[in-house]
Amino acid sequence: MKVTFVAPEKLTKRVAGASNSALAVMVGEGKLTGPAAALDKFARGEIARAVANSKFTGKAKQLLLALLPKGLAYTHVLLVGGAKADITPQKVEAAFAEAVAGLNTAGIKSVTALLEDEEQAAYAASGLVLRSYRFDKYFTKQKPEKKPTLKDIRVMTPDIAAAKKIFAHLGAVAEGVYFARDFGNEPPNILFPAEFAARVKDTLEPLGVKVDVLDEKQLAKLGCGSLLGVAQGSVKPARMVVLQWHGGSSKDIPIAICGKGVTFDTGGISIKPAGGMEEMKYDMSGAGVVAGLFYALARRKARVNAVGVMGLVENMPDGNAIRPGDILTSMSGQTIEVLNTDAEGRLVLADVLWYAQERFKPANMVNLATLTGACVVALGYEYAGVMGNDKGMIENVRAAGETVGELCWELPLCEIFDDRINSRFADMQNISSVDRAAGSSIGGQFLNRFVKKETKWVHMDIAGVAHPKKAGGVFPDGASGFGIRLLDRMISEKFESWG
């Protein structure tokens, strides 16, 4: 979606192609003020009349789209509620994102957002772009009313240069979010491990990211028996993709971001129920976030050293699949008794986390995974679960999420949970020996056994937010790309070198 920043113009001026165009302005509760009041004067009171004959009061998340009289530069005005003296740029972003669906429903082709603050202007553009995402490549026929009409985004602001500079960062992140969403929405017969790896390599290498793709033979040589165990039931071979972005000083220790990439999860021998199994194509969302984050870091030339590791497998139940009771040997040398083959993401990440630490020696590490249905039960579709071994880093993740609107809630790790994954026949088992209680924390406790004491680590369980059931704000239907904006924010605030 193209974004153009322009200087404020006279609202009565005719512009080329003004049909089906809207001017969007933020308003607060009470009387119309500022640009909205000025436009209402040109509209001969029609905007105030539209407000009076609606439920619109100017509160946050409220929208009102109204026709303007002939002779003005725009056919419609969009009032976006929530304007306050202390409104944050991120709330402006969310507010304008909410407007996209209404603009498309009304057949609006071009929207011009009028913001007097350059930071708010950039975030308004970001919100409009993020919510305009669509994945429609497999439609052969669509009714006209189903197709989006919004094609052009313009933003009026007095300081164009400043707004462009801010949006250069936000726009790069939005492109990374699009990249991740495309991975999540692809069907699993198209996007399998080797194809995922090839797309990452073809896209990120031209941007300056170093990409290594490890095949099954290389993984076997490394001793990645846990990851390969998950993959052995599929005809689609496993891959591990390793990303390196060198934007900081050569002396800077890289931050590691790791992702679970199960391109389809049947549950294996512990097969899932049929209902809703099609959603298991989203089980690679953690890896998708890693790919999207590195796209964003490269596009905005982030001054940080970062490594990304993605474990890519397909979990299928053929005659060669792992069984409950099998024992796998991980890259760390630790052995794992498999009690449930549907607790496979943690088996993949066991080797991914160990590989990242062994090769790159990161001081800080984050992993993302659609790990447990228990996280959805606990936190719904609004919060990601976070846990780890360092309170400061957990808080960094939570605070960054709060800022960008990707909410996180800390879940506990403790010795009691650790005891529950002790096995009678191996170093550990992949599910609790007691029952299904505290399932998200049990998954995190398992991963903790593959984190070295010197590594500050956070696990993000994104099972409920990777494809939320109810779209809203910047999130469309389907894959959300949740985590990219959060991690980019955390990296830029806590890890990026500006020297």
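The paragraphs below set out a description of the structure included in this document. Bear in mind the structure is a predicted one, so any value in this text is a computation, not a measurement.

### What to know about the pairing of strand S3 (residues 63-67)
Here is step 1: Here S3 shows a buried face lined by Leu 64 and Ala 66 and an unburied face lined by Leu 63, Leu 65 and Leu 67.
Here is step 2: With five bridges connecting them, S3 and strand S4 (residues 76-81) associate as antiparallel partners. Within S4, the residue paired with Ala 66 across the bridge is Val 77.

### A look at the nonpolar core
Here is step 1: Within the largest apolar cluster, 90 residues are counted, with the highest numbers of intra-cluster contacts made by Phe 96, Val 200, Leu 243, Met 310, Met 460 and Leu 487.
Here is step 2: Once residues within four sequence positions are removed from consideration, Met 460 is found in contact with Val 366, Asn 367, Leu 368, Ala 369, Gly 385, Val 386, Val 397, Cys 408, Phe 482, Leu 486 and Leu 487.
Here is step 3: Counting 43 residues, the second-largest nonpolar core is a separate cluster that includes Leu 227, Val 230, Val 307 and Val 451.

### Points about the sheet that holds strand S15 (residues 408-410)
The strands making up a sheet associate through hydrogen bonds between their backbones, and the pairing can be parallel or antiparallel.
Here is step 1: Spatially, eight strands are ordered S7-S8-S10-S9-S13-S17-S14-S15 in an open sheet, and the strand pairing comes out mixed. Of all the strands in the sheet, the pair left with one neighbour each is strand S7 (210-214) and S15. Pairs of neighbouring strands in the sheet enclose a mean axial angle of 20 degrees, with direction left out of account.
Here is step 2: Two strands pair when backbone bridges link them, and strand S9 (residues 255-265) and strand S13 (residues 364-369) are joined in this way by five bridges, in the parallel orientation. Bridge pairing in S13 places Gly 259 opposite Leu 368.
Here is step 3: Packing of helix H14 (residues 439-448) onto the sheet brings it into contact with S13, strand S14 (384-388) and strand S17 (456-461), and relative to S17 it is tilted by some 145 degrees.

### What about unusual backbone geometry?
Here is step 1: A positive phi angle is found at Arg 44, which is not glycine, with a value near 55 degrees.
Here is step 2: Overall, the relative accessible area of 61% leaves Arg 44 in the exposed class.
Here is step 3: Phi angles above zero are rare outside glycine, and Lys 61 is one such case at about 75 degrees.
Here is step 4: Topologically, Lys 61 is positioned in the loop between helix H2 (46-52) and S3.
Here is step 5: Residue Lys 61 is classed as exposed on the basis of its relative accessible area, which comes to 73%.

### Quick notes on the pattern of salt bridges
Here is step 1: For the structure on display, the rule yields 26 salt bridges.
Here is step 2: Ionic pairing is found between Lys 137 and Glu 186, a salt bridge with its closest N-O pair at 2.8 Å. Pair noted here: Lys 137 is in the loop between helix H4 (118-131) and strand S6 (152-156) and Glu 186 is in the loop between helix H5 (160-185) and helix H6 (193-204), with a separation of 49 residues, a long-range link.
Here is step 3: Across the pair Arg 199 and Glu 195 runs a salt bridge, and its minimum N-O distance is 2.7 Å.

### Considering the sheet that holds strand S11 (residues 327-329)
Here is step 1: Pairing is mixed across the open sheet formed by three strands, whose spatial order is S11-S12-S16. One side of each edge strand has no neighbouring strand; the edge strands of this open sheet are S11 and strand S16 (428-429).
Here is step 2: Looking at chain direction, S11 and strand S12 (residues 335-337) are connected through three bridges and run antiparallel. For Ile 327, the partnering residue across the bridge sits in S12 and is Glu 337.

Analysis parameters
- Residues numbered from 1 in each chain as written.
- Predicted model: local features only at pLDDT ≥ 70, side-chain atom pairs only at ≥ 80, totals over all residues.
- Heavy atoms only, no water.
- Buried < 20%, exposed > 50% of the residue type's maximum accessible area, 1.4 Å probe, protein only.
- Helix = DSSP H or I, 4+ residues; strand = E, 2+ residues; numbered from the N terminus.
- Pairing = 2+ DSSP bridges.
- Core = buried A, V, L, I, M, F, W, Y, C linked by side-chain atoms within 4.5 Å.
- Contact = heavy atoms within 4.5 Å.
- Axes fitted to C-alpha atoms, helices over the stretch in contact; angles between N-to-C directions.
- Salt bridge = Lys/Arg side-chain N within 4 Å of Asp/Glu carboxyl O.

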